[in-house]
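# Structure at a glance
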Amino acid sequence: MKAVLDGIRVLDFGRYIAGPYCAELLAQFGADVIRIEKLGGSEDRYTTPVTADGQGAAFFQMNCNKRGMTLNPMKPEGREVVKRLVRTADVVVANLPHPTLVEMGIDYESLKAIKEDIILTMISTFGAVGPYSERVGFDGIAQVMSGATYLGGFPGQPMKSFAPYADYGTATSAALGTLAALMARQQTGRGQVVEGALLRTALAYANGPMIEQVVLGVNREGTGNRAQNLAPADLFKTRDGAIIIQVVGQPLFERWARLVGAEEWIGDPRFASDAERGRHAALVSERAGAWCSQRTTAEALAALEAARVPAGPVLTPQQAHDDPHVQAMGVLHAIDYPGLPVPAPVVGCPVRLSETPGRITRRPPQLGEHTDAILGELGYGASDIAALRQQRVI
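This is a predicted model, so every value here is computed, not measured.

Before going further, it helps to spend a moment on the nonpolar core. One finds Leu-5, Val-10, Cys-22 and Ala-31 to be the most contacted residues of the largest nonpolar core, which totals 32 residues. Going through the elements one at a time, α1 (18-28), β4 (91-94), β5 (119-124), α8 (165-188) and α9 (198-205) are the ones with two or more residues in this core. With 7 residues, α1 is the largest single contributor of residues to this core. Setting aside chain neighbours within four positions, we find Cys-22 in contact with Val-93, Thr-121, Ile-123, Ala-171, Ala-174, Ala-175 and Thr-178. Val-86, Val-92, Ile-385 and Ile-394 belong to the second-largest nonpolar core, a separate cluster that totals 30 residues.

Residue placement: Val-4 occurs in the segment before β1 (9-12). By relative accessible area, which is 47% here, Val-4 ends up partly exposed. Contacts of Val-4, omitting those with residues within four sequence positions, involve Phe-29 and Thr-356.

Glancing now at the layout of surface pockets. In this structure, the largest pocket occupies an estimated 1300 Å³ of space. As for the largest pocket, its lining consists of 35 residues, of which Ala-57, Gln-61, Tyr-168, Pro-345 and Val-347 are closest to the centre. Sorting the residues of the lining of the largest pocket by element identifies α2 (57-62), α6 (139-145), α8, α15 (317-322) and β11 (344-347) as the ones contributing at least two each. When the residues that make up the lining of the largest pocket are grouped by side-chain class, the tally is 23 nonpolar, 8 polar and 4 charged. In terms of lining, the second largest pocket is formed by 22 residues, of which the most central are Ala-148, Leu-151, Gly-152, Pro-209 and Gly-224.

What counts as what
- Residues numbered from 1 in each chain as written.
- Predicted model: local features only at pLDDT ≥ 70, side-chain atom pairs only at ≥ 80, totals over all residues.
- Heavy atoms only, no water.
- Core = buried A, V, L, I, M, F, W, Y, C linked by side-chain atoms within 4.5 Å.
- Buried < 20%, exposed > 50% of the residue type's maximum accessible area, 1.4 Å probe, protein only.
- Helix = DSSP H or I, 4+ residues; strand = E, 2+ residues; numbered from the N terminus.
- Contact = heavy atoms within 4.5 Å.
- 1 Å grid on protein atoms, 1.4 Å probe; cavity = no way out; pocket = protein on both sides within 12 Å on 5 of 7 lines; lining within 4 Å.
- Points joined across faces, edges and corners; volume = space filled by probe spheres on them.
- Nonpolar A, V, L, I, M, F, W, Y, C, P; charged D, E, K, R; others polar.

Okay, here's the thing in structure tokens:
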């Protein structure tokens, strides 16, 4: 079956996570994505190296299905290559500061002058409006400025998430926005700017506590893994590991209480609702922790599942990879690459479509692997390409 985005070309000028992952999602649904890197390779190519020559784990995750070329768009000849590329493209993805976009000729006004209906998907830390709009930043900055890090740690010891959710969430939202812009273009014939911002994403994900604070002025402090508006919802040590238990709603609470021998709490006003249980969460977690400490992880999870109480084990990355359910989901794809000692387990598209699923069909490109082929498609001959390489344009 024809892929959803078959015939759509995306120029990926992204760096690190948000831009490249946005383009990666589009590539998995069939877009022809061209990853454009600096001559020495983009920074994310070498983040968390896993090969002898320094190719990075993050690059494998972000760049399957893409073709890769190198280009220096700061040189006049490079700017000409950009123009030719844009004439063939539907979408340009870039998470670069606006002055850099202008220098490279890929700001929206420059792009629109080349191709009237082009879509520019741009991602930054702070967005284009506001006093911080020109500041540089990464995922962690968005996390700590959203309020989530403050509540995720302990008083005097805030704790950000290890997983860069602001990056990945912004990339996913930007991919959604790009799809919406492509649909709008079908209706109107016009392109537009799709703008994602890491701080906007982080604020959206942490919006509930902000609403509560502004409306009620509760001034919550961090409680680590323990939830504050329901209980038990915490991480608990077992005899050989740790698990999470998450109880939401009265029916679940009553099932949990009977399981751990806390029937006397059913009907107790202190535990009559999620909010009340949240106010007494330390006490509830103490009871749950005592129950878990007497059991192995397998024993605790089996009992909780039998009672239909949501719970799960705390896994290492290796254990997550080896988990039988993770393997059965088919979400991991063994991607080989020159220099890898074993294939890389790359996670495919996180959302499944029954009729037109996203697919990984190609390993990430080596540095500049498709430069000559792409330039040939743009009308450059062999001597032209050789001259560009001699001039360090490619």
